[in-house]
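Read off the chains here:
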Amino acid sequence: MNLGYACINMSLSKNLPRGQKKVTTNRSMIKRTYLQKGVAYASELSLKNCEDLEKIIEWNEQNNIKFFRMSSELFPWASEHGIKALPDYERIAEVLHRAGNKAKQYGQRLSFHPGPFNVLTSNKENVVLNTIKDLSIHGEVMDLLDQPRTPYAKINIHVGATYGDKPAALARFCENFHRLPESVKTRLTVENDDRASMYSTRELVEKVHSRIGIPVVHDLHHHTFCPGGLSAEDAIGLAVKTWGDVKPVIHYSQSRAEEQGDPSIMAKAHSDSYWLPVETYGYDVDVMLESKRKELSLFKMRELLGQKG
DNA sequence: CATGGTCAAGTGGCA
DNA sequence: TGCCACTTGACCATG
């Protein structure tokens, strides 16, 4: 079992000497700045983000971490101009090629989890078009990283919405799936939701995987809010079977409200760290840890599991 | 240099 | 109605 963490490395930016820039792949800008500075500045930020992604991959290797979720903010405003339009495209492609091949050489799994604005269920054509655009960029970056076109390099999203009519929403999801480019279709996965009214792992397996064949990511924390009538063990069992030859991924987090002893915090909010080891019921899976303290809580989880670093 | 208000996109739940 | 929470805090103007 490989443990992974998401998007941000705290260690590389901690206790920096004066003047030294922090290592981050989330450089962004507000709309006003984008309108003022345009593609040139977007390119500058994108290149720096990609260079820092390579640094994080190196750091992960030094710390024996084999699973990392990349930020969806690597390319700020890319949905407006595309990646190929960036003045630094050649250099960016070079950096990503090198970074991705290092990840492969180190046996590191890379993934994406595009944001909640990606709604393939929408009945608004414009929302679907924006979703296709955003997902396509994720697929393009995976290609530039030389990652396999399989769910090993997964691009994971939620079904997104019900609009009070799940069958119709799921039908639109499956139809719109076929409008995605191969770079996305071959890597796309769906994750269970954290609200009872939304989609459980069981529904995703029965209504999405069965129709379009994409694997289901089972989030253990979400499952407690939307169990779909299944135990955690049974739900994992169902999800794991959707992955074929590829090692399945599950998500794990704990409740922030419980961690902080503050019932006013929404139960579904993620904790800073962990106090319970993840239960995988004997399945051979990779576990994406979703906690605020990132790789620091990954180390905590290693202790809880008795794993060696 | 530190701080705090503000920030592209969609949806649903809660005060 | 408006905020929060999702994938992840970071940007930017002001003092």
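The structure under discussion appears in the preceding block.
So, here's what we can say about the structure.

Definitions and limits used
Residues numbered from 1 in each chain as written. Chains lettered and ligands numbered in written order. Predicted model: local features only at pLDDT ≥ 70, side-chain atom pairs only at ≥ 80, totals over all residues. Heavy atoms only, no water. Near = heavy atom within 4 Å. Polar contact = N/O pair within 3.5 Å; in protein donor to acceptor, adjacent residues only side chain to side chain. Nonpolar A, V, L, I, M, F, W, Y, C, P; charged D, E, K, R; others polar. Helix = DSSP H or I, 4+ residues; strand = E, 2+ residues; numbered from the N terminus. Buried < 20%, exposed > 50% of the residue type's maximum accessible area, 1.4 Å probe, protein only. Contact = heavy atoms within 4.5 Å. Salt bridge = Lys/Arg side-chain N within 4 Å of Asp/Glu carboxyl O. Phe/Tyr/Trp six-rings, centres within 6.5 Å; stacked < 30°, edge-to-face > 60°. Lys NZ or Arg CZ within 6 Å of the ring centre and 35° of its normal. Pairing = 2+ DSSP bridges. Expected span 1.5 Å × (residues − 1). Arc of directions from axis to C-beta.

Around DNA strand C, a shell composed of 25 residues is seen, among which Thr33, Pro116, His158, Ala269 and His270 lie nearest. The sugar-phosphate share of atoms of DNA strand C within 4 Å of the protein amounts to 76%. Thr33 has a polar side-chain atom sitting 2.2 Å from a phosphate oxygen of DNA strand C. Taking Arg69, its side chain carries an N or O atom lying 3.4 Å from a sugar or linking oxygen of DNA strand C. Looking at side-chain class alone, the surface near DNA strand C contains eight nonpolar, eight polar and nine charged residues.

Attention now goes to the environment of Met288. Tracing the sequence through the fold places Met288 in strand β8 (residues 286-289). The class for Met288 is buried, based on a relative accessible area of 0%. Between the alpha carbons of Met288 and Leu3 there is a distance of 6.0 Å; along the sequence they are 285 residues apart.

Bringing the protein's contact with DNA strand B into the picture now. If you check the shell around DNA strand B, you find 17 residues, and the closest are Lys31, Phe117, Tyr163, Arg195 and Ser197. Among the atoms of DNA strand B lying within 4 Å of the protein, the sugar-phosphate backbone contributes 55%. Contact distances for DNA strand B include 3.2 Å between a phosphate oxygen and a side-chain N or O atom of Lys124. In this structure, Arg195 approaches DNA strand B through a side-chain N or O atom, which is 3.0 Å from a sugar or linking oxygen. For the surface near DNA strand B, a count of residues per class yields nine nonpolar, five polar and three charged.

What follows deals with the side chain of His223. Inspection of the secondary structure assignment puts His223 in helix α8 (residues 220-225). His223 gets classed as buried once you look at its relative accessible area, which sits at 6%. One polar contact links the side chain of His223 to the main-chain carbonyl oxygen of Leu230, over a distance of 2.9 Å. Setting aside anything within four residues of it in sequence, one finds His223 in contact with Asn192, His218, Leu230, Ser231, Ala232 and Ala235.

This part is about the pattern of salt bridges. Side chains that differ in charge, positive against negative, can pair when their charged atoms come close. Enumeration over the complete set of coordinates arrives at 20 salt bridges. Residue Glu290 pairs with Arg69 through a salt bridge whose shortest N-O separation is 2.8 Å. A residue pair is termed long-range when its members are at least 10 positions apart, and Glu290 in the loop between β8 and α11 (294-305) and Arg69 in strand β2 (residues 67-70) qualify at 221 residues. As far as the burial class goes, Glu290 and Arg69 line up, both buried.

Further remarks concern unusual backbone geometry. At Tyr281, a residue that is not glycine, the phi angle is positive and equals roughly 55 degrees. Tracing the backbone shows Tyr281 in the loop between α10 (256-260) and β8. Take Tyr281: its relative accessible area is 31%, and that puts it in the partly exposed class. One non-glycine residue, Lys294, adopts positive backbone phi at about 50 degrees.

Okay, the packing of aromatic side chains next. Two measures describe an aromatic ring pair: the distance that separates the ring centres and the angle between the ring planes. Throughout the structure, instances matching the rule amount to four aromatic pairs. Ring geometry for Tyr34 versus Trp77: centroids 4.9 Å apart, planes at 5 degrees, classification stacked. Of this pair, Tyr34 sits in helix α1 (residues 31-62) while Trp77 sits in the loop between β2 and α2 (78-81), and the two are 43 residues apart along the sequence. Judged by relative accessible area, which is 12%, Tyr34 ranks as buried. Trp77 gets classed as partly exposed once you look at its relative accessible area, which sits at 26%. The ring of Tyr199 carries Lys166 above its face, with NZ or CZ at 5.3 Å from the centroid.

It is worth spelling out the pairing of β2 at this point. Burial of the side chains of β2 extends over both faces: Phe67 and Arg69 are buried on one face and Phe68 and Met70 on the other. Two elements, strand β1 (residues 3-6) and β2, share three bridges in a ladder whose sense is parallel. Looking across to β2, one finds that Tyr5 is bridged to Phe68. Across four bridges, the pairing between β2 and strand β3 (residues 109-112) is parallel. Bridge pairing links Phe68 to Leu110 in β3.

Another point: α11. Helix length check: α11, at 12 residues, gives a terminal C-alpha distance of 17 Å against a target of 16 Å (1.5 Å per residue), a fit within 8%. All buried positions along α11 are accounted for by Lys294, Glu295, Ser297, Leu298, Met301 and Arg302. Angularly, the buried residues of α11 cover 160 degrees about the axis, an arc narrow enough to put them on a single face. Residues of α11 that are buried make contact with β1, α1, β7 (249-252) and β8. Backbone geometry just downstream of α11 places Gly306 in the positive-phi region, at approximately 70 degrees.

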